[in-house]
Amino acid sequence: QAAAPLHPVAVQCQEAQVVVTVHRDLFGTGRLVRAADLTLGSAACLPVAQSAAESMVTFVAGLHECGSTLQMTPDFLIYKTSLSYKPTPSGNLVIVRTNAAVVPIECHYPRKSNVSSNAVWPTWAPFRSTLSAEERLMFSLRLMNDDWSAERLSNGFQLGESLHLQADVASGDHVPLRLFVDDCVATLSPDRNSSPQYALIDLSGCLVDGRSDDTTSAFISPRMRQETLQFMVDAFKFAGDDRNLIYITCHLKVSPADQAPNPLNKACSFNKASSLWAPVEGTGDICSCCETGNCPLYG
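Note on numbering: residues in each chain are counted from 1, in written sequence order. With the structure being a predicted model, the display of local features is reserved for residues of pLDDT at least 70 and the display and counting of side-chain atom pairs for 80 or more, all residues being used for whole-chain, interface and lining totals. Excluding hydrogens and water, the side-chain values take into account all heavy atoms of the structure.

Put simply, the test is: UniProt positions are given in the numbering used here, feature names are shortened, and annotations may be inferred rather than shown by experiment.
Under the annotation held in an unreviewed UniProt entry, the chain carries the name Zona pellucida sperm-binding protein 3 and is attributed to Eudyptes chrysocome. According to the UniProt record, the Sequence similarities (unreviewed entry) comment for the chain reads "Belongs to the ZP domain family. ZPC subfamily." The annotation that UniProt attaches to the chain under Function (unreviewed entry) is "Component of the zona pellucida, an extracellular matrix surrounding oocytes which mediates sperm binding, induction of the acrosome reaction and prevents post-fertilization polyspermy. The zona pellucida is composed of 3 to 4 glycoproteins, ZP1, ZP2, ZP3, and ZP4. ZP3 is essential for sperm binding and zona matrix formation."

And the structure:
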């Protein structure tokens, strides 16, 4: 809206800056205020231009400049600043003939839409895609029946049976992802830090339970899809404890599907026939740290 005596302050919220145009007849009385008495923001930024007739004053400031503040709501980024008018005495230096004034200024930008892409097209990834990734990465960990065709209706097992565990991620419109299980720990309470506890998967993707002599625990290879990881664990109980309810807590993560597995992002099982660790995908060397115990953790 153009600045005029009826609307003496006009604001343009641009991509990276705000432009404030002030009509010097700030109070609509016909008496023009001095441009030097007008400042923008808590940093008291000065105007950048005056019109030829000198009835208009223009301020230009970056959204983060001049002491502006940022407020985030669920739907908007709101940049706040203010136009200040502080009259200085003129003439006899004792009196002033106008009141001071503060005009609040806000620029609202939607958080869930693309503000602009022209400036950096085509290398720029739309903000909507980033938001989709943040909001829609839904992880799940389920007990499956023996042929992996459906979720198991019962969570009861006899010693000697195997638990079929399936980890999934639903990634919405994100780029293709590959799911990994960093660690899984079994406890007698929902608190994964409680004692006693037993590590099933550790060291960023090593199924350490399969290293024991009396188990067949392993990841299922090949995967059915990159967003799913299946593994089997032989049923067990804690020695010396009669409780028959065990909690299994796992830390799941993803990496881009086109990124090669590495010692940080891996799924490794111990092959008893060869006495070697083997990955679901990737080269065998990424599993060597499962034996030495010096794998990188949570990069």
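There's more to say after this.
1. Description of the sheet that holds strand S1 (residues 9–13)
Where we set the bar: Pairs of strands are assigned from DSSP output, requiring at least two bridges between the strands. Elements are defined by DSSP. Helices are runs of H or I of four residues or more, strands are runs of E of two residues or more, and each kind is numbered from the N terminus.
The 4 strands lie next to each other as S1-S2-S5-S4, forming an open sheet whose pairing is antiparallel. The sheet is open, and its two edges are formed by S1 and strand S4 (49–50), each paired on a single side. Pairing of strand S2 (residues 17–23) with strand S5 (residues 56–62) involves 7 bridges; the strand directions are antiparallel. If you follow Val22 over to S5, its bridge partner there is Val57.

2. Side note on the sheet that holds strand S12 (residues 197–201)
Worth spelling out the cut-off: Between the N-to-C directions of two axes lies an angle of 0 to 180 degrees, each axis being a line fitted to C-alpha atoms and, for a helix, fitted only over the stretch in contact.
Ordered in space as S12-S11-S15, the 3 strands form an open sheet in which the pairing is antiparallel. Across the chains shown, the open sheet's two edge strands, defined by having one partner strand only, are S12 and strand S15 (247–256). Averaged over all pairs of adjacent strands, the angle between strand axes in this sheet comes to 20°, irrespective of strand direction.

3. Digging into the side chain of Asp209
How we decide: The rule is simple: take the accessible area with a 1.4 Å probe, protein chains only, and divide by the maximum for that residue type; under 20% is buried, over 50% is exposed, in between is partly exposed. Here Asp and Glu are counted as negative and Lys and Arg as positive; His is not counted, and neither are the chain ends. Take a side-chain nitrogen of Lys or Arg and a carboxyl oxygen of Asp or Glu: if they are within 4 Å of each other, that pair is a salt bridge.
Assignment of secondary structure puts Asp209 in the loop between S12 and strand S13 (218–219). Notably, Asp209 is buried but unbridged: the nearest opposite-charge side chain belongs to Lys272, and the N-O separation is 8.0 Å.

4. Let's talk about the packing of aromatic side chains
Operational definition: A pair of aromatic rings is counted whenever rings of Phe, Tyr or Trp (Trp by its six-membered ring) have centres within 6.5 Å, and the orientation is called stacked for planes under 30 degrees apart, edge-to-face for over 60 and tilted otherwise. Should the NZ of a Lys or the CZ of an Arg lie within 6 Å of a ring centre and within 35 degrees of the ring normal, that charge is described as sitting over the ring.
Counting across every chain of the model gives 6 aromatic pairs. With centroids separated by 5.9 Å and ring planes inclined at 80°, the aromatic side chains of Tyr79 and Tyr109 adopt a geometry described as edge-to-face. Separated by 30 residues along the polypeptide, Tyr79 in strand S7 (residues 76–85) and Tyr109 in strand S8 (residues 101–110) bring together distant segments of the chain. Of the two residues, Tyr79 and Tyr109, neither departs from the other in class, the shared state being buried. Ring geometry for Phe236 against Phe238: centres 6.3 Å apart, planes inclined by 75°, an arrangement best described as edge-to-face. Residue class for Phe236 comes out partly exposed when judged on its relative accessible area of 22%. Taking the relative accessible area as the measure of exposure, Phe238 reaches 11% and is therefore buried. Directly above the aromatic system of Phe157 lies the positively charged group of Arg152, at a separation of 3.9 Å from the ring centroid.

5. Examining the nonpolar core
The following threshold applies: What we call a nonpolar core is a set of buried Ala, Val, Leu, Ile, Met, Phe, Trp, Tyr and Cys residues that are connected through their side-chain atoms within 4.5 Å.
In this structure, Val20, Val22, Leu26, Leu38, Leu40, Phe59 and Tyr85 are the most contacted members of the largest nonpolar core, which totals 20 residues. Listing elements by their share of this core, those giving two or more residues are S2, strand S3 (38–40), S5, S7 and S8. Ranked by residue count, the leading element in this core is S8, at 4 residues. Listed in part, the 17 residues of the second largest apolar core include Leu165, Leu200, Ala267 and Val280.

6. Description of the state of the cysteines
Heads up, the rule is: By definition, disulfides here are pairs of cysteine sulfur atoms that lie within 2.5 Å.
Scanning all chains against the criterion turns up 6 disulfides. A sulfur-sulfur separation of 2.0 Å characterises the disulfide bridge that pairs Cys268 with Cys287. Between Cys268 and Cys287, the disulfide has an S-S torsion of -80° and is therefore left-handed. Taken as a pair, Cys268 in strand S16 (residues 268–271) and Cys287 in the loop between strand S17 (276–279) and helix H2 (288–292) lie far apart in primary sequence, 19 residues in all. For the pair Cys268 and Cys287, one class covers both residues: buried. If the cysteines joined by disulfides in the chain are listed in sequence order, their pairing comes out as 1-4, 2-3, 5-7, 6-11, 8-9, 10-12.

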